[in-house]
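A structural walkthrough
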Amino acid sequence: MYALDALKNMKIGEVLQVIADCPQSFRSVPEEAVKHGYKLLTEPQRVRQDIYFYIKVVK
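Residues numbered from 1 in each chain as written. Predicted model: local features only at pLDDT ≥ 70, side-chain atom pairs only at ≥ 80, totals over all residues. Heavy atoms only, no water.

So, on to the side chain of serine 25. Here serine 25 is to be found in helix α2 (residues 25-35). The class for serine 25 is buried, based on a relative accessible area of 6%. There is a polar contact of 2.5 Å between the side chain of serine 25 and the backbone oxygen of cysteine 22. (Helix = DSSP H or I, 4+ residues; strand = E, 2+ residues; numbered from the N terminus. Buried < 20%, exposed > 50% of the residue type's maximum accessible area, 1.4 Å probe, protein only. Polar contact = N/O pair within 3.5 Å; in protein donor to acceptor, adjacent residues only side chain to side chain.)

Shown next, in the form of structure tokens:
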């Protein structure tokens, strides 16, 4: 997942917006983010076929 690579290069407090169009990402992105120590700021948001995630670096 490219989002995890991007998060590794970010500073504490920064937020990454991830936009996905795969239905499986609705569950997998939040699970992977939390598993790696990041914080999901809101529930995933659907806008037509796209799903938006906001992930904060906390470590």
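Once that is clear, we can look at the packing of aromatic side chains. Counting across every chain of the model gives zero aromatic pairs. If you follow arginine 46 out to its NZ or CZ, it ends over the ring of phenylalanine 26, 4.5 Å from the centre. A cation over an aromatic ring shows up here: lysine 59 above the ring of tyrosine 38, its NZ or CZ 5.1 Å from the ring centre. (Phe/Tyr/Trp six-rings, centres within 6.5 Å; stacked < 30°, edge-to-face > 60°. Lys NZ or Arg CZ within 6 Å of the ring centre and 35° of its normal.)

Below, the discussion takes up α2. An α-helix turns once per 3.6 residues; consequently, residues spaced three or four apart project the same way. For α2, every residue scored as buried is listed here: Ser25, Val29, Pro30 and Ala33. The arc that holds every buried residue of α2, seen down its axis, measures 115°, which confines them to one face. Across α2 from its buried face, at more than 90 degrees, point the exposed residues Arg27, Val34 and Lys35. Elements that come into contact with the buried residues of α2 comprise β1 (15-20), β2 (39-40) and β4 (50-56). Looking one or two places after α2, you find glycine 37, whose phi comes out positive at around 95°. (Arc of directions from axis to C-beta. Contact = heavy atoms within 4.5 Å.)

With that settled, consider the pairing of β4. Where β1 and β4 come together, six bridges link them in antiparallel fashion. Each residue of the ladder has a partner; that of valine 18, found in β4, is phenylalanine 53. With two bridges connecting them, β2 and β4 associate as antiparallel partners. Looking at β4, one finds that lysine 39 is bridged to lysine 56. Sheet analysis places strand β3 (residues 45-47) next to β4, joined by three bridges and oriented antiparallel. Note that in β4 the partner of glutamine 45 across the bridge is tyrosine 52. (Pairing = 2+ DSSP bridges.)

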